[in-house]
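# Per-entry structural report
Each chain, letter by letter, is given below.
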Amino acid sequence: MSYTLTTPLYYANDRAHLGSTYTTLACDAIARHRRLRGERVTFITGCDEHGQKIQRTAEAAGLSPQAHCDSVSEGYRDLWSRWRISHDRFIRTSDPRHRQLVEQFFARVEASGDVREGRQQGWYCVACEEFKDDPHEAEDPECPIHRRPLEWRDEVNLFFRLSRYQPQIEELIRRPGFIAPASRRREVENFVAGGLRDFSISRVDLPWGIPVPGHTGHTFYVWFDALLGYLTALLEPDEPVLLDTILQRGWPAQLHVIGKDILRFHAVYWPAMLLSAGLPLPERVFGHGFLTREGQKMGKSLGNVLDPEVLLERCGHDAVRWYLLRDIPFGDDGDFQQQRFSDLVNSDLANTIGNLLNRTSAMARKWFAAAVPPAAAGADARHPLALAAGQAAETVNGALEALDFRAAAEAILELASTANGYLNEQAPWKAMKQPGQDAAVAADLYAVLEASRWLAVLLAPLLPDLSGRMLAQLGLDGFDSSPAGGDQDGAWLAAQHWGGLVSGTSLPEPQPVMQRLELDAPL
Ligand code: MSP
């Protein structure tokens, strides 16, 4: 069985921002954790390329929509590879194979009697690609999210009979765990309780979209086509496009990770569409919060957008991943604060974790022939650090399964603090000056190095690079949790065994595993 998880398919109207990077790297940590535990994973991301917003952006840039999307989606691919995102699939909804799948899906929905013609009147936000139910201002209403004027629409569209699915959707959203975190459920419940209304799934006069078969002049509403991208992505690139094949390729998905603004599409519209097409439903939809910067919404007009390219270049991905995953409870809104960012990275990663390894391995090299010292009592599974490590591993595994990155990071930090405390208490630098203490010092250093190895092991899903650098400092290979990784054989779980470090392994010259962040100018 494979574990299928998805990011949203990002609009190809603009480059990635910190919001899309946040979702993607959280999914990456989940995918890596599952792979490291020996599970088969299908991690899907990609670009949502149709619709009016993209058509207009392309026009403004003097490009054809296709050329524009080619370039934006290439930018995403490139950015994700530099962020070391380990996705298995990258789907583009302008792929001709996707069109075939959409046509097949629509044929089923139509055969279920769920498509009707109707008149669509209302205020539309092109940036959201969504009709707004009741704009507050009667005149010149604005989108509450984008603060841009809404556009009045009055056209004949095809509608999906969402109203028919009221009882099934009510039952679904009550299912424990379907909408996560639980705090987001209420909002969807209220929406559903208000009575589900049919929604329009086609547009007229919108050439940049997939034509609706049998309905000349109509193209699919971008959301109808975009959600189906999750299905197309599952097909092997060279196999015939047959909708039912997805059932052998990892559908239903175990997890959709999205931002809270698109919860309704994923928790209500999408399941109803799947029910209509006779397909099974995803198991969980997780709506994370929004990121602000120094307390303000990020936006181009405010000029305070955090560019993932700049962040990557100036800070490196370990630092950013750590800060976002450790500091913001996944599901809540979070505020990016530059000072806090560098303080946390420096104190947690450079000092508490990195320095522990550095100074311990420097002592081991100096006093024990540049190698892991003889273990003796240090390799005892009842050693206090062994117990602390076992406990940390249990917490990390459980927390990552529950998508509680913060709890996982805190458990890792706690183990690092315990190991630091132990080292300071034992003070091998003092003991070494007394005769006959070599064996005791060796055992203490062994235990602290072994605890550092555990820290590296436990960091592997969250910070794969830092984990690899730490293991290299211990003379060990890192874990490959990429799609092509060779660690799907349980090596990572097997490494969670006290005494894994082999005495006598030579220790390389210590190098700081984590650069301190010195951010003098604003990012
Ligand atoms: N194309 C649709 C998704 C279709 S899925 C079949 C879309 N794309 S998007 O590019 O506009 O947004 C992608 C994600 O970024 C959304 O989950 C949204 O919640 C998230 N974010 C946008 N701004 C954000 C922040 N400031 N903070 C965190 N996430 C934010 O919607």
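Residues numbered from 1 in each chain as written. Predicted model: local features only at pLDDT ≥ 70, side-chain atom pairs only at ≥ 80, totals over all residues. Heavy atoms only, no water.

Turning our attention to the domain arrangement of the protein chain. Segmentation of the protein chain into domains returns domain 1 (2-288) and domain 2 (351-495). Taking the mean C-alpha position of each, domain 1 and domain 2 sit 43 Å from one another. At the junction of the two partners, domain 1 supplies 17 residues and domain 2 supplies 18 residues. Summing the contributions of domain 1 and of domain 2, the shared interface buries around 1,700 Å²; its carbon and sulfur component is 64%. For Asp465, the salt bridge goes to Arg84, with nearest N and O atoms at 2.2 Å. There are five residue pairs in polar contact (both at pLDDT 80 or more) connecting domain 1 and domain 2. Sorting elements by how many residues they give to the side of domain 1 that touches domain 2 places helix α1 (residues 18-36) first, with eight residues. (Domains from an automatic or database assignment. Contact = heavy atoms within 4.5 Å. Buried area = accessible area lost by both parts, 1.4 Å probe. Salt bridge = Lys/Arg side-chain N within 4 Å of Asp/Glu carboxyl O. Polar contact = N/O pair within 3.5 Å; in protein donor to acceptor, adjacent residues only side chain to side chain. Helix = DSSP H or I, 4+ residues; strand = E, 2+ residues; numbered from the N terminus.)

Let us look at the sheet that holds strand β7 (residues 179-180). Pairing in this open sheet of six strands is parallel, and the strands run β3-β2-β1-β11-β12-β7 from one edge to the other. On the outer flanks of this sheet lie β3 (89-92) and β7, each paired with one strand and no other. Across four bridges, strand β2 (residues 40-48) lies against β3 in parallel orientation. What sits directly across from Ile44, in β3, is Arg89. Its contacts with the sheet place helix α9 (residues 263-276) against β7, β11 (255-259) and β12 (285-288), and it is angled at close to 140 degrees to β11. (Pairing = 2+ DSSP bridges. Axes fitted to C-alpha atoms, helices over the stretch in contact; angles between N-to-C directions.)

With that out of the way, let us pick up the packing of aromatic side chains. The full count for this structure, using the stated rule, is 22 aromatic pairs. Taking the centre distance of 5.1 Å and the plane angle of 10 degrees together, the rings of Phe220 and Phe224 count as stacked. Comparing Phe220 with Phe224 shows no difference in burial state: the two are buried. Ring geometry for Tyr323 against Phe341: centres 5.2 Å apart, planes inclined by 55 degrees, an arrangement best described as tilted. Note that Tyr323 is positioned in helix α11 (residues 317-327) and Phe341 in helix α12 (residues 338-367), a separation of 18 residues in sequence. Ring-pair connections join several aromatic residues into one group, and the members of that group are Phe160, Tyr165, Phe199, Trp223, Phe265 and Tyr269. Just above the ring of Tyr3 sits the side chain of Arg34; from NZ or CZ to the centre is 4.0 Å. (Phe/Tyr/Trp six-rings, centres within 6.5 Å; stacked < 30°, edge-to-face > 60°. Buried < 20%, exposed > 50% of the residue type's maximum accessible area, 1.4 Å probe, protein only. Lys NZ or Arg CZ within 6 Å of the ring centre and 35° of its normal.)

Attention now moves to the packing of α1 against α11. At their nearest, the axes of α1 and α11 sit 10 Å apart, and the two run at 85 degrees to each other. When the axis of α1 is compared with that of α11, the two are roughly perpendicular. Of α11, the residues touching α1 (which contributes Tyr22, Leu25, Ala26, Asp28, Ala29 and Arg32) are Arg321, Leu324 and Leu325. Of the residues assigned to the contact of α1 with α11, the class counts are six nonpolar, no polar and three charged. (Parallel < 35°, antiparallel > 145°, perpendicular 65-115°, else oblique. Nonpolar A, V, L, I, M, F, W, Y, C, P; charged D, E, K, R; others polar.)

Right, let's get into helix α17 (residues 464-473). Burial in α17 covers these residues: Pro464, Leu466, Ser467, Met470, Leu471 and Gln473. Packing partners of the buried residues in α17 comprise α1, α11, α12 and α16 (438-459). One or two steps after α17, the chain reaches Gly475, where phi turns positive at roughly 75 degrees.

A few words on helix α10 (residues 308-315). Buried residues of α10: Pro308, Leu311, Leu312 and Cys315, and no others. The buried residues of α10 occupy one face: seen down the axis, they fall within an arc of 105 degrees. Residues of α10 that are buried in the fold lie against α1, α3 (65-82), α11, β15 (334-336) and α12. Measuring from the backbone nitrogen of Glu309 back to the side-chain oxygen at the start of α10 gives 2.8 Å, which picks out Asp307 as the cap. Just past α10, the residue Gly316 takes up positive phi, approximately 85 degrees. (Arc of directions from axis to C-beta.)

Moving on, we get to the site of the ligand. Around the ligand there are 20 residues in total, and Leu9, Asp48, Gly259, Asp261 and Leu291 lie nearest to it. Leu9 is positioned with one of its backbone polar atoms (N or O) 2.8 Å from a nitrogen atom of the ligand. Contact distances for the ligand include 3.2 Å between an oxygen atom and a backbone N or O atom of Tyr11. Taking 670 Å² as the accessible area of the ligand by itself, protein coverage stands at 90%. Per-element tally for the shell around the ligand: the top contributor is strand β1 (residues 2-11), with four residues. Its residues assigned to classes, the shell around the ligand comprises 12 nonpolar, six polar and two charged. (Near = heavy atom within 4 Å. Areas by Shrake-Rupley, 256 points an atom, 1.4 Å probe, with all protein chains shown as cover.)

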